[in-house]
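Spelled out from the first residue to the last, the chains are:
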Amino acid sequence: MRKFAISDIHGNNKTFRTLLFDIIKLKEEDELYLLGDYIDRGPDSKGVIDTIFELQENGYSVFCLKGNHEDLLLKHNIPKFNDIWMKNGGPQTLRSFKVQRVEHISKKYMDFFNELEYYFVVDEYILVHAGLNFLMPDPFMSKYDLLWIRHWHHNINKKYLGEKYIIHGHTPNKKNQIEKALANFDETRWLDIDNGSFNQLLPGELGNLCAFDMTNRKLYFQKNIDIE
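Residues numbered from 1 in each chain as written. Predicted model: local features only at pLDDT ≥ 70, side-chain atom pairs only at ≥ 80, totals over all residues. Heavy atoms only, no water.

(A) Highlighting the overall build of the protein chain. A count of helices and strands for the protein chain gives ten helices and nine strands. Against the globule reference of 17 Å for 228 residues, the protein chain gives a C-alpha radius of gyration of 17 Å, in line with a compact fold. A principal-axis box enclosing the C-alpha atoms of the protein chain has dimensions of 50 × 40 × 35 Å. Buried residues in the protein chain amount to 56% of all 228 residues. (Helix = DSSP H or I, 4+ residues; strand = E, 2+ residues; numbered from the N terminus. Rg over C-alpha atoms; globule rule 2.2 N^0.38 Å. Buried < 20%, exposed > 50% of the residue type's maximum accessible area, 1.4 Å probe, protein only.)

(B) Local environment of the pattern of salt bridges. Under the counting rule described, the total for this entry stands at nine salt bridges. Linking Arg2 and Asp30 is a salt bridge whose minimum nitrogen-to-oxygen distance equals 2.8 Å. Of the two residues, Arg2 is situated in the segment before β1 (3–6) and Asp30 in the loop between α1 (13–23) and β2 (31–34); the sequence distance between them amounts to 28 residues. The same class applies to Arg2 as to Asp30, namely buried. With its nearest N and O atoms 3.3 Å apart, the salt bridge here joins Lys75 to Asp71. The class for Asp71 is buried, based on a relative accessible area of 5%. (Salt bridge = Lys/Arg side-chain N within 4 Å of Asp/Glu carboxyl O.)

(C) How the structure looks around the pairing of strand β3 (residues 61–64). A one-sided burial pattern is seen for β3, the buried positions being Val62 and Cys64 and the unburied ones Ser61 and Phe63. Crossover connection from β2 via helix α2 (residues 45–57) to parallel β3: handedness right-handed. (Right-handed = clockwise from strand over helix to strand, strands pointing away.)

(D) Region of the structure containing the packing of aromatic side chains. Inspection of every chain in the model, using the stated rule, returns 18 aromatic pairs. Aromatic side chains Phe97 and Tyr109 sit 5.1 Å apart centroid to centroid with 75 degrees between the ring planes, which places their arrangement in the edge-to-face category. Here the residue Phe97 occupies a position in the loop between α5 (90–96) and α6 (107–114), and Tyr109 occupies one in helix α6, the gap between them amounting to twelve residues. The burial state of Phe97 is the same as that of Tyr109; both residues are buried. Ring centres of Phe112 and Phe113 lie 5.7 Å apart, and the angle between their planes is 65 degrees; this geometry places the pair in the edge-to-face category. An identical accessibility class is assigned to Phe112 and Phe113; each is buried. Through a chain of ring-to-ring contacts, the aromatic side chains of Tyr38, Phe53, Phe97, Tyr109, Phe112 and Phe113 assemble into a single cluster. (Phe/Tyr/Trp six-rings, centres within 6.5 Å; stacked < 30°, edge-to-face > 60°.)

Listed below in C-alpha cells is the structure:
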C-alpha cells in the first residue's frame, strides 16, 4: 500500500486522471490525500469533483482537504471574497457546472465543499493546503492560515513539530524547486507540491500536476493536458 498527496488540481481533470491512472497507477489498496484547490482556472472543476466521487464510490480511499479556492466559493456572498473569486477562476468553475450562480450548484457538490477538512495527520506527515502559522500558540488554531498563509517556512518551530514533516500546496513552485525541497526534506521539514498546474508561462518548470508518494518519498509529475 502506498500513500499519495496531490494538491492544487484547479479544474484540470484530464491531467488529474492521467496522473492517477497512467503515471502513479493508483490501486484500490493505496490511499490518496488531496490538499485542496480542486476548482477554478482550469476548464473542468466539476469533472475533478466527479472523479473524486467516482474513486470513492469504487472503493478507493480518498481523503480531501479544503483549499482557499473552495473557501472563496463558499464565501461568494461576501463582496470582497466574491471579487477575488471572480478574478481567480470563479467564472470557469461556474461554467463547468453549467450555472450562473453558486446557489444553482447541486447540493451534493456544495455538501462536498462544506464538509472538507482543514488538515490531516498521517503517519509522520502533517497535510495542509497552505501551511501553518507558527507565530500562534497553536499553529492549527487559525483556519484562515491553514488555507491562505504564505511566506511562513522561516518561522517553523521544529521543536513543536517533533518528528513530523509538513506537506502542503497553495504557493506554486518550479519543478526543480520541488525536487530540491524533497532532497532537503529531512532538514527543512516541509515540502510544497504545488507545481502551478494552471501556469503555462514556463513549460517544464511550471504547468505540471505533482503527486508525492509519501510511502517511498518519490515525486511524480504530469504535464497539463487540459489547457492548450
